[in-house]
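# Structural description and commentary
Below, each chain spelled out in residue letters.
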Amino acid sequence: MQDSGTSNPGCDAELAKNSTAFAAMNLYTKVVPGRISRADCKVAQGLNGPTRASKYVRPRSRTDAQAGAQTALAKQTPDRTPATRNGQFARSLLSLIPRSLLKRSIAVGAVALLGLRAIPRMMPAPPSRGRRSNGGGGRKPAIVWFRNDLRLHDNEALAVAAAQSTSVLPVYCFDPREYGKSPSGFDKTGPNRARFILDSVHDLREQLRSRGSDLVVRVGRPEEVLPALVAEVGAGAVHMHWEVTYEDMAVESKVREALEARGAQLKGVWGGTLYHSDDLPFKTDSMPACYADFRVSIKSVAVRPSVETPEQLKGLPLASVEPGSIPTLQQLGFDSRAAAQATSQTNPVHRLGVDLRGGESQALQHLSAFIRDLQQTAAMQRQQLQRHAQHVTSSSSGSGAHRAQQASSFTCKISPWLAMGCLSPRRVFQEMKAAGLTQMPAAQAAAASPQQQLQGKDRGEVQAPGAWLQFELMWRDFFRFITHRYSTMGLHGAGAGATAGTLAAA
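Remember, it's a predicted structure, so these values are computed and weren't measured experimentally.

Time to look at the packing of helix H9 (residues 222-233) against helix H10 (residues 246-261). Axis separation between H9 and H10 bottoms out at 9 Å; the angle between their running directions is 30°. In terms of axis orientation, H9 runs roughly parallel to H10. Between H9 and H10 lies a crossing of right-handed hand. Facing H9, whose interface residues are Pro-222, Glu-223, Leu-226, Pro-227 and Val-230, H10 presents Val-251, Lys-254, Val-255, Ala-258 and Leu-259. Residues that form the contact of H9 with H10 fall into these classes: eight nonpolar, no polar and two charged.

Next up on the list: the nonpolar core. Within the largest apolar cluster, 89 residues are counted, with the highest numbers of intra-cluster contacts made by Ile-143, Phe-174 and Trp-417. When neighbours within four sequence positions are excluded, Phe-174 is seen to be in contact with Tyr-179, Ile-197, Leu-198, Val-201, Val-217, Arg-218, Val-219, Gly-220, Ile-326, Pro-327 and Leu-332.

This next bit is on the packing of aromatic side chains. As enumerated under the stated definition, the model contains 13 aromatic pairs in all. Ring geometry for Trp-270 and Phe-481: centres 5.5 Å apart, planes at 10°, overall stacked. You can see Trp-270 sitting in the loop between strand E5 (265-269) and helix H11 (291-297) and its partner Phe-481 sitting in helix H19 (residues 467-492), a full 211 residues away along the chain. The pair formed by Trp-270 and Phe-481 is uniform in burial state, with each residue classed as buried. Through successive ring pairs, a cluster of aromatic residues spans Trp-270, Phe-282, Tyr-291, Phe-294, Trp-475, Phe-478, Phe-479 and Phe-481. Sitting above the plane of the Trp-145 ring, Arg-147 keeps its charged end 4.3 Å from the centroid.

Moving on, we get to the confidence of the model for the protein. The pLDDT averaged across the protein works out to 73; a share of 58% of its residues lies at or above 70. Overall, residues 442-462 carries pLDDT values under 50, and its contacts beyond four positions in sequence, including any with other chains, amount to 22 contacts. A low-confidence stretch, residues 494-506 stays under pLDDT 50, and its non-local contacts, those more than four residues away or across chains, total 24 contacts.

Okay, the pattern of salt bridges next. The final tally for this structure, using the stated rule, is eleven salt bridges. One salt bridge in this structure joins Asp-199 and Arg-195, with 3.1 Å as the shortest N-O distance. Of the two residues, Asp-199 and Arg-195 are both situated in helix H8 (residues 191-209); the distance of four residues between them amounts to about one turn of the helix. The exposure class assigned to Asp-199 is partly exposed, which follows from its relative accessible area of 24%. Glu-243 is the salt-bridge partner of Arg-480, the closest N and O atoms lying 3.7 Å from each other. Here Arg-480 is found in helix H19, whereas its partner Glu-243 is found in the loop between strand E4 (237-241) and H10, with 237 residues between them in sequence. Summarising the burial analysis for this pair, Arg-480 and Glu-243 share the class buried.

Rules used throughout
- Residues numbered from 1 in each chain as written.
- Predicted model: local features only at pLDDT ≥ 70, side-chain atom pairs only at ≥ 80, totals over all residues.
- Heavy atoms only, no water.
- Axes fitted to C-alpha atoms, helices over the stretch in contact; angles between N-to-C directions.
- Helix = DSSP H or I, 4+ residues; strand = E, 2+ residues; numbered from the N terminus.
- Parallel < 35°, antiparallel > 145°, perpendicular 65-115°, else oblique.
- Left-handed = near helix turned anticlockwise from the far one by under 90°.
- Contact = heavy atoms within 4.5 Å.
- Nonpolar A, V, L, I, M, F, W, Y, C, P; charged D, E, K, R; others polar.
- Core = buried A, V, L, I, M, F, W, Y, C linked by side-chain atoms within 4.5 Å.
- Buried < 20%, exposed > 50% of the residue type's maximum accessible area, 1.4 Å probe, protein only.
- Phe/Tyr/Trp six-rings, centres within 6.5 Å; stacked < 30°, edge-to-face > 60°.
- Lys NZ or Arg CZ within 6 Å of the ring centre and 35° of its normal.
- pLDDT = per-residue confidence, 0-100.
- Salt bridge = Lys/Arg side-chain N within 4 Å of Asp/Glu carboxyl O.

Here is the structure:
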C-alpha cells in the first residue's frame, strides 16, 4: 500500500484522461475548500474500466487527503505538455469541490460529456410511457362512494374526484343496516325497492364500464369497507354526496373517523336538490318552517346548470381490486317468496303502466317520454286558449279524451328514479327549459282568462306547461332541506347559523 502522503500515478492518469470533462464541469459559483482523496480517485477510475482500486482499502480522513494531495503536487516536476497541464488544472478544479458531492458530479459529468453508458444504480431508467403513476405532483388515487346518486350525469362528486386525483375507483356498498326488519317489524327496505336498487347498481356498472371504468360492489358497512379499499389502492380521499337524514349523517361521521385514522379525507358535495344549498338566501337555523314562505324566499334564486356527463372516465388505480358481484334479493335477506314476487310479471307495480326498472338509462328514457307528453299538453293548452280568445264556451273546450290525456301529464312518474338519484332534478329542469316548458309565451299569457291570471298572479310563471313540475321539485327541496336542518340539530346540536352546505361539510 502506498504512503498516504504520496500521489497516486493511476489516479493522476485517470484524472488527466478525463480532464476535458472536469474542466467543463462548472457546477458551482461558490468556492468551497476541499481536496480529492484516494477514495474519490477510485470512483473516477471506475468510469473507465477495471483498475487496481482494490489496493485502496484504508479510508482516509479529509485532513490526510489534503496533505497527501499537497505533497504530491509539490513533488511533481513541472511539465508543459498539454496532458500534464490539463491534469494539473483538473486537480486544482477538483480541490474546490466538496467530497460529498464529488462522486455524483464525476459520474454525471462523465456520462453526459464523454458519452459513456448509463451506470447501474446511479442513473435511473426513464419511466415507462404506458404506465400510470401514483404521483402526479403529490396527488393520489381517489374513491367515489355512490349512494343515492346512482348516475353519471350531473354528478359533481365524480367530477371533483376526477379533477383532484390521478385515478378514480367507484364504489357502492350494500349496508346491511338498511335491510332486514325494523323494531316495529316492518321491512327497512321492501323487496320492490330492493329490486329497483339492484337494477340501478347494475345499470351504473354498465355505464361505468362503457366509459373505461368499473364499479366495485361490496356488502358491508361503509365505515369498514371504504377504509380497507383506501389502504388497498393508496387513496387519499373518498368523494361523495352529502345526505340529509339522521342515520345517513351518522354513517358519514363514522366513515370520516375511520378514514382519518388511515390518513385519508372524506370530501362531500351537495346534490340531489333543484337549488344548491350554498345559493339559499337564509341560514339553516332560520329556514322557513312552511313551504309557502320557503317558496317566496327562493323566488329569485337561479338553478345552477347541471354537470355534464363525462364521455370518458379517469382510469382505475394501479392496484388490482376485485370488482365483486352484485348480490341477489336472497343475499340481502329476503325470503324466496318475496324475491320471486318482486321479480314476477304479476307484481302489482306493473299495473301502474310504467316500466319500473331502476337505472340511469331507464330514467333518461322516461324523462324523454315525459317531455314529449308535456309538449303535447302544451299544444292542447294553446288550442284551448285560442278557443277562449274566440269566445268559445267552456262546455266545448275539449273532449273527454283530451281532458284525460291532459290529466295524465300531471303525474311525471319519475319519482322512483329521483329518489335513488338515477335522475337529477337539475337535469329535469334543464330538459324542460330546453323544450320551452318552463315559461309561458307572452301571447298565451295575454289570452288567459281572468280566473287563470288571478290564480297565477303571485306564482310567476305558473301558467307555463311545466311550471307545476317545477313547484313539485321545490316541494321536494323543501322537505330535504328541512330534514337536513333537524338531522343536523340532532347529530351536532343546534347550529350557530351555518348554511346547509357548511353544516354538511362539518
